[in-house]
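Listed below, chain by chain, are the residues.
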2 protein chains.
Amino acid sequence: MSDIRQQLLTAGSRARAASRALATCTERAKNAALIAAAEQIESAAADILAANRADLDRGAVSGLSQALLDRLRLDDKRLAAISRSLREVALLPDPVGQLIREWSRPDGLRFKKVRVPIGIIGIIYESRPNVTSDAASLCVKTGNAVLLRGGSEALHSNIALAEALRTGCRQAGVPEDAVQILTSTDREAVRLMAEMSEFIDLIIPRGGKALIETVSSHARMPVIKHFDGVCHIYVDRTADLKMAESILINAKCQRPSVCNAAETLLVHSEIADSFLSRCGPELKRRGVELRGDKRTQEILGPEIVPATEEDWRTEYLDLILSIRVVQSLDEGIAHVEEYGSHHSDTIVTADAAAASEFLNKVDSAAVFWNASTRFNDGGEFGFGAEIGISTDRLHARGPMGLEELTTYKYQVIGQGHVRE
Amino acid sequence: MSDIRQQLLTAGSRARAASRALATCTERAKNAALIAAAEQIESAAADILAANRADLDRGAVSGLSQALLDRLRLDDKRLAAISRSLREVALLPDPVGQLIREWSRPDGLRFKKVRVPIGIIGIIYESRPNVTSDAASLCVKTGNAVLLRGGSEALHSNIALAEALRTGCRQAGVPEDAVQILTSTDREAVRLMAEMSEFIDLIIPRGGKALIETVSSHARMPVIKHFDGVCHIYVDRTADLKMAESILINAKCQRPSVCNAAETLLVHSEIADSFLSRCGPELKRRGVELRGDKRTQEILGPEIVPATEEDWRTEYLDLILSIRVVQSLDEGIAHVEEYGSHHSDTIVTADAAAASEFLNKVDSAAVFWNASTRFNDGGEFGFGAEIGISTDRLHARGPMGLEELTTYKYQVIGQGHVRE
């Protein structure tokens, strides 16, 4: 057996034992573990920063870009944010044990549908070390053991942060193997993890297309992908144009590199002239490259790059916006359904009937009326914390908070009931 | 491209178009389709029975067992049950569009979590033709298009039943491609279906281990398996022994071939003598082969077959019961967790604290206190209908009724909200 496989199996069986114990840990113990972990991060700050320094040095030598080095970098401020976030998770309500529904049958049998942990969650991610503590804290809070496999460039930082979490667990009497880092940075490890269905109950890949593809094609357990957002702003003919501009600018420019940023603007033909003339210059002023259909070019001038079929399907994650003028609400909805990724889509309109049609017919995780797509986020939804935004349809769709890290079981109470 | 692949892609793209239309069909239209299908089954009974006759004749020639031929056989009574079941599904409440939760944020943003169809569901099953109409009707009711791939031995029967469903849809203005039978009975078709993630949003394999294994290892979309039940009856030291016996006999003997039948009896040592002496003869009288640990052999005599490690993990689906005497509730729970399949497990006890510990610590889809494991069933839960019993942990666990055939989306309503 390969060393990698052996390491994974050992980690898996430790995680299984930890998960069984963790499933019945009290809320108090789990919260104490998170608070102890926060304290540990504060008291071991020098060690964690030294580990991070080692990653940064290696990264600089191996030629990581400035952007990547910046994502990798920890400092006092970022560490403080990490420990603050642990304390915040400790304050959130624990979903485990919550009664989802309760009913009785005419024969007197009583049913309870109760939230329970999922079991063991495998998370595969890239670069930013804070994902280690964020993901681990949400899993511990929800009674799940977690197997973390971060990017190789952040290995020392991830180990140091996970060690703080493990220390916190130990101090609170929660099994430390609830949090484990897989240190093999071999690509093979991802494939092996995806096949380990006896030890991983849910696998969450967070990263680029190649990673998602590897995990999806090998996984023998449920996968919840955190993938792409080709998000739309549709400006209807009755839209308040000032509101539409402000939503568009927010959705496109506030943070263009994230999945809930807008990539495509659809404009109703009746207001296309006035709206595009209004927002075009502002978008350009903000450095947004515009790619448009023929009508857009007619309105905004020939310097607009023609949008290709490919553009409508592209998640730019950058200051680029594709623009299309549509003849009707139906055409707008059809475009979103055909080219979108079912992530986050907005209609701006003053017409409640049009809004209702868009909200019902657009099949996306979150559909918005008169609000920016950027609100598709666990924090903005009021979930307190999120492990990411699911682009899958089942179990969790959209922001994945604490509840989405649980499943359920039925408890059924009889008085000697047998089936006829 | 292979013919099979071409057939699947054609069916998939038809299903996608149908699923989009179906998602916004009214409850009235969907119910009308089901009632028209029931009428169609009644008026086309002769054709359906002739198709079934053809399957039976082929099956007899190819040497199908009497048991399989019986599962395959349709007659007036079974057809009447099928059309009655369609009418019953029409009467159930439609979960699509139901408001799951609604809330507002301090900034005034309003959130609605709303049930929507899953999209396209692929179902792979064996032998019994009534699965065709049952599965199709539940999918149509919940706004999902369905791709059905039944066993080759039932091909003509399945086509005839699906045609009745399609006719019903057409008559009610619901897209007929909501229901499609994949006629390729090649094994290759199963693998190709499992890879078709662009056209299937959820795949449900119902069948033996080989089928489940093929689907799980190739699937690139969520899989919900309907697999094995290694179910336990644990008789605690304070159990009412008469009640325990009646539950045990029901769970083991009422229908031994189904997944929620009991396979293993665990008995607390303090009452082992009296309970085993009481129920042993009755089990033998009913033809149940007993396999026991040493203590069981001491109590029931040396003719008891010794239970092996393998026995504890085996789903007999037959009149065989493995028996183990345990020293404590903890040991009983540990056995269930170690050897069970997390399907359905019962504690019989008069001690509420022991029951509560069992209900909380046993991590099965359904855990019972003083009731037979046979109640793990959509009908018994009051779901009205079920597509099966999920042995997976995510999205649907235990009985899968109409709600479990839906997912959700968020509708978010602002007044020009942008993110800071």
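Computed from a prediction, not measured in an experiment: that's the story for all the values here. (Residues numbered from 1 in each chain as written. Chains lettered and ligands numbered in written order. Predicted model: local features only at pLDDT ≥ 70, side-chain atom pairs only at ≥ 80, totals over all residues.)

Before going further, it helps to spend a moment on the overall build of chain A. Secondary structure summary: chain A contains 16 helices and 16 strands in total. Here the C-alpha radius of gyration of chain A, 24 Å, is about what a compact globule of 420 residues would show, namely 22 Å. Taking the principal axes of the C-alpha coordinates as reference, chain A spans close to 70 × 65 × 40 Å. For chain A, the proportion of its 420 residues judged to be buried stands at 53%. Put simply, of all contacts in chain A between residues at least 6 apart along the chain, 71% involve residues at least 24 apart. (Helix = DSSP H or I, 4+ residues; strand = E, 2+ residues; numbered from the N terminus. Rg over C-alpha atoms; globule rule 2.2 N^0.38 Å. Buried ≥ 20, exposed ≤ 12 C-beta atoms within 10 Å, placed from the backbone. Contact = placed C-beta atoms within 7 Å.)

The next thing to look at is the sheet that holds strand E9 (residues 289–292) of chain A. With respect to topology, 10 strands assemble into an open sheet ordered E10(A)-E9(A)-E11(A)-E8(A)-E7(A)-E12(A)-E13(A)-E16(B)-E2(B)-E1(B), the strand pairing being mixed. Of all the strands in the sheet, just strand E10 (305–306) of chain A together with strand E1 (99–104) of chain B have a single pairing partner and so form its edges. Inspection of the sheet shows E9(A) paired to strand E11 (residues 320–326) of chain A by four bridges, in the parallel sense. Directly across from Arg291(A), in E11(A), lies its bridge partner Ser322(A). The sheet strands contacting helix H11 (residues 269–285) of chain A are strand E7 (231–235), strand E8 (262–268), E9 and E11 of chain A, and the helix crosses E8(A) at an angle near 140 degrees. (Pairing = 2+ DSSP bridges. Axes fitted to C-alpha atoms, helices over the stretch in contact; angles between N-to-C directions.)

Time to look at unusual backbone geometry. Backbone geometry places Leu317(A), a non-glycine residue, at a positive phi of 55 degrees. In the Ramachandran plot, Asn370(B) falls in the positive-phi region, its phi being about 55 degrees despite a non-glycine side chain. Tracing the backbone shows Asn370(B) in strand E13 (residues 366–371).

Quick look at the relation of the copies chain B and chain A now. For the pair chain B and chain A, the relating rotation is 180 degrees, the translation along its axis is 0.0 Å, and the fit reaches an RMSD of 0.0 Å. Here the two chains are linked by the operation of a two-fold rotation axis. Across chain B, the smallest distance between a C-alpha and the rotation axis is recorded for His395(B), namely 2.1 Å. (Least-squares fit on C-alpha atoms with pLDDT ≥ 70 in both.)

Listed as interface residues are 58 residues of chain B and, on the opposing side, 58 residues of chain A. Elements with a contribution of two residues or more to the side of chain B that touches chain A: helix H1 (3–23), strand E2 (110–117), helix H9 (209–218), helix H10 (241–253), helix H15 (352–361), E13, helix H16 (378–381) and strand E16 (406–417) of chain B. When residues of the side of chain B that touches chain A are assigned to their parent elements, the largest contribution, 11 residues, is made by E16(B). Here strand E16 (residues 406–417) of chain A pairs with E13(B) via five bridges, running parallel.

What follows covers helix H3 (residues 45–61) of chain B. Residue and element names in this part refer to chain B. Taking 1.5 Å of rise per residue, the 17 residues of H3 would be expected to cover 24 Å, and the 24 Å separating its terminal C-alpha atoms lies within 8% of that figure. Those residues of H3 that sit buried are Ile-48, Ala-51, Asn-52, Asp-55 and Leu-56. One side of H3 carries all its buried residues, which in axial view fall inside an arc of 140 degrees. Residues of H3 that are exposed and point over 90 degrees away from its buried face: Ala-46, Asp-57, Ala-60 and Val-61. If you follow the buried residues of H3, they end up packed against helix H2 (27–43), helix H4 (66–72), helix H5 (76–91) and helix H7 (155–171). (Expected span 1.5 Å × (residues − 1). Arc of directions from axis to C-beta.)

Residue and element names in this part refer to chain A. Assigned domains of chain A: these are domain 1 (3–227 + 396–412) and domain 2 (231–380). Here the C-alpha centroids of domain 1 and domain 2 sit 35 Å apart. Counted by class, the side of domain 1 that touches domain 2 contains two nonpolar, two polar and one charged residues. (Domains from an automatic or database assignment. Nonpolar A, V, L, I, M, F, W, Y, C, P; charged D, E, K, R; others polar.)

In space, the 10 strands of this open sheet follow the order E1(A)-E2(A)-E16(A)-E13(B)-E12(B)-E7(B)-E8(B)-E11(B)-E9(B)-E10(B), with mixed pairing throughout. Lying at the two open borders of the sheet, with one neighbouring strand each, are strand E1 (99–104) of chain A together with strand E10 (305–306) of chain B. Sheet strands in contact with H10(B) are E16 of chain A together with strand E7 (231–235), strand E8 (262–268), strand E11 (320–326), strand E12 (344–348) and E13 of chain B, and its direction is about 165 degrees off that of E12(B). On top of the sheet, helix H11 (residues 269–285) of chain B reaches E7, E8, strand E9 (289–292) and E11 of chain B; it is set at about 140 degrees to E8(B), its chief contact.

Turning to the packing of helix H10 (residues 241–253) of chain A against H11(A), a few remarks are in order. Residues and elements named next belong to chain A. Two numbers describe how H10 lies on H11: the axes approach to 10 Å, and their chain directions differ by 45 degrees. Put simply, H10 runs oblique to H11. Along this stretch, H10 crosses H11, giving a crossing that reads as right-handed. Contact residues: Leu-241, Ala-244, Glu-245, Leu-248 and Ile-249 in H10; Ile-271, Ser-274, Phe-275, Arg-278, Cys-279 and Glu-282 in H11. In terms of residue class, the contact of H10 with H11 is made up of seven nonpolar, one polar and three charged. (Parallel < 35°, antiparallel > 145°, perpendicular 65-115°, else oblique. Left-handed = near helix turned anticlockwise from the far one by under 90°.)

Moving on to the packing of helix H8 (residues 187–195) of chain A against helix H9 (residues 209–218) of chain A. Residue and element names in this part refer to chain A. Taken N-terminus to C-terminus, the directions of H8 and H9 make an angle of 35 degrees; their axes are 8 Å apart at the nearest point. At the point where H8 passes H9, the crossing takes the right-handed sense. Here H8 contributes Val-190, Arg-191, Ala-194 and Glu-195 to the contact with H9, which in turn contributes Leu-211, Thr-214, Val-215 and His-218. Along the lines of polarity and charge, the residues of the contact of H8 with H9 split into four nonpolar, two polar and two charged.

Here the focus is the environment of Tyr316(B). Tracing the backbone through its elements, the reader meets Tyr316(B) in the loop between helix H13 (309–312) and E11. Take Tyr316(B): there are 20 C-beta atoms within 10 Å of it, and that puts it in the buried class.

On a regular strand, each side chain points to the face opposite its neighbour's, so the side chains alternate between the two faces of the sheet. Residue and element names in this part refer to chain B. Of all the five residues making up E12, five are buried; the element is thus mostly covered by neighbouring parts of the structure. Here E12 shows a buried face lined by Ser-344, Thr-346 and Val-348 and a second buried face lined by Asp-345 and Ile-347. Two strands pair when backbone bridges link them, and E7 and E12 are joined in this way by four bridges, in the parallel orientation. In the sheet register, Ile-233 faces E12, and the bridge partner there is Thr-346. Of the pairings in the sheet, the one linking E12 to E13 comprises four bridges and is parallel in character. In the sheet register, Ser-344 faces E13, and the bridge partner there is Ala-366. As a crossover connection, the stretch from E12 through H15 into E13 is right-handed. (Right-handed = clockwise from strand over helix to strand, strands pointing away.)

All names here are of chain A. Two strands pair when backbone bridges link them, and E9 and E10 are joined in this way by two bridges, in the parallel orientation. Paired with Arg-291 across the strands is Val-305, a residue of E10. Taken together, E9, helix H12 (residues 294–300) and E10 form a β-α-β motif whose crossover is right-handed.

Okay, helix H8 (residues 187–195) of chain B next. Within H8(B), burial applies to Val190(B), Met193(B) and Ala194(B). Projection of H8(B) onto a plane perpendicular to its axis shows the buried side chains occupying an angular sector of 95 degrees, all on one side.

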